[in-house]
Amino acid sequence: MSTLLPPKTRAPDFTLPTTGGQTLSLSAFRGKPVILAFYPADFSPVCGDEMALFNEILPEFRQYGAELLGISVDGAWCHGAFATQRNLHFPLLADFEPKGAIAKLYGAYRDKEGICERALFVIDKNGIITWSYLSPLKENPGADGILEALKALSN
């Protein structure tokens, strides 16, 4: 079981590949809340359901001015196919090479299996983690915790 970075910790910055040969950096979102959703693998049943749920409630996340970023160790091409199949409207970032380097920084990597944990982080506009949650791999954590954390930021 991993030990996630706790609240009140500065979120480590990163730049990762996304689809279409682009890259995204966490620092590019400074000034707005960010949700990081680490997940084990594209096309796995629970991950597909989790990302589809987040996609459905994306408008609620955006009401708080928040951006959602999905992260797994799958490559950008796999992310592209997964995002297309699931009609996802948020970036999926490839923590592919070196494998899991960013997940390791966040305490969200499973060395034995070589995959990301199912872990969620809410980061405030100043780059500080305000909420983190580690879900069992076989459970969709839902979005209630994320929404509560975003609501707390807006108070």
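Reading the values: the criteria
Residues numbered from 1 in each chain as written. Predicted model: local features only at pLDDT ≥ 70, side-chain atom pairs only at ≥ 80, totals over all residues. Heavy atoms only, no water. Helix = DSSP H or I, 4+ residues; strand = E, 2+ residues; numbered from the N terminus. Rg over C-alpha atoms; globule rule 2.2 N^0.38 Å. Contact = heavy atoms within 4.5 Å. Areas by Shrake-Rupley, 256 points an atom, 1.4 Å probe, with all protein chains shown as cover. Lys, Arg positive; Asp, Glu negative; His and termini not counted. Charge placed at Lys NZ, Arg CZ, Asp CG, Glu CD. Buried < 20%, exposed > 50% of the residue type's maximum accessible area, 1.4 Å probe, protein only. Pairing = 2+ DSSP bridges. Core = buried A, V, L, I, M, F, W, Y, C linked by side-chain atoms within 4.5 Å. Phe/Tyr/Trp six-rings, centres within 6.5 Å; stacked < 30°, edge-to-face > 60°.

Visitor: Quick one: what's the story with the overall build of the chain, residue by residue and with numbers?
Guide: Helix and strand counts for the chain come out as five helices and nine strands. Counting helices and strands in the order they occur from the N terminus, the chain gives β-β-β-α-α-β-α-β-α-β-β-β-β-α. On C-alpha atoms alone, the chain measures out to a radius of gyration of 14 Å, which is about the 15 Å that the 2.2 N^0.38 rule sets for 155 residues. Over its C-alpha atoms, taken along the principal directions, the chain stretches across nearly 40 × 30 × 30 Å. Long-range pairs, those at least 24 residues apart, make up 66% of the contacts in the chain with a sequence separation of at least 6. Surface exposure of the chain reaches about 7500 Å², of which carbon and sulfur atoms provide 53%. Of the side chains in the chain, 14 bear a positive and 17 a negative charge, and the two mean positions are spaced by 4 Å.

Visitor: Outline the pairing of strand β3 (residues 34-38), supporting the account with residue identities and numerical values.
Guide: Most of β3 sits out of view: five of its five residues are buried. Burial along β3 is two-sided: Val-34, Leu-36 and Phe-38 and Ile-35 and Ala-37, pointing in opposite directions, are all buried. With five bridges joining them, β3 and strand β8 (residues 118-123) adopt antiparallel strand pairing. Bridged to Ala-37 within β8 is Leu-120.

Visitor: Describe the environment of Gln-85, and please don't skip the residues or the numbers.
Guide: Within the secondary structure layout, Gln-85 lies in helix α3 (residues 76-86). C-alpha separation for the pair Gln-85 and Gly-48, spaced 37 residues apart in sequence, amounts to 9.7 Å.

Visitor: Lay out the nonpolar core with the relevant residues and their values.
Guide: With 24 residues, the main nonpolar core has Phe-14, Leu-26, Leu-36, Phe-38, Tyr-106, Phe-121 and Ile-123 as its most contacted residues. Of all elements in the fold, only β3, β4 (67-72), α4 (101-105) and β8 reach the threshold of two or more residues within this core. Not counting residues within four places of it along the chain, the set of residues in contact with Tyr-106 comprises Thr-3, Leu-4, Leu-5, Ala-11, Pro-12, Phe-14, Leu-26, Leu-36, Phe-38, Phe-121, Ile-123 and Ile-129. Ala-37, Phe-61, Val-122 and Ile-146 belong to the second-largest nonpolar core, a separate cluster that totals 23 residues.

Visitor: Quick rundown of the packing of aromatic side chains? Include the residues and the values.
Guide: All told, the structure shown has eight aromatic pairs when counted by the stated rule. An angle of 75 degrees between the planes, with centres 6.3 Å apart, marks the rings of Phe-14 and Tyr-106 as edge-to-face. Taken together, the residues span a long stretch of sequence, with Phe-14 in the segment before β1 (15-17) and Tyr-106 in the loop between α4 and β6 (109-110) at a distance of 92 residues. The burial state of Phe-14 is the same as that of Tyr-106; both residues are buried. Where Phe-43 meets Phe-82, the ring centres are 5.2 Å apart and the plane angle is 70 degrees; that geometry is what we call edge-to-face. Of this pair, Phe-43 sits in the loop between β3 and α1 (45-56) while Phe-82 sits in helix α3; the two residues are 39 residues apart in sequence, bridging distant segments of the chain. Taken together through their ring pairs, the aromatic side chains of Phe-14, Phe-38, Tyr-106 and Phe-121 make up a single cluster.

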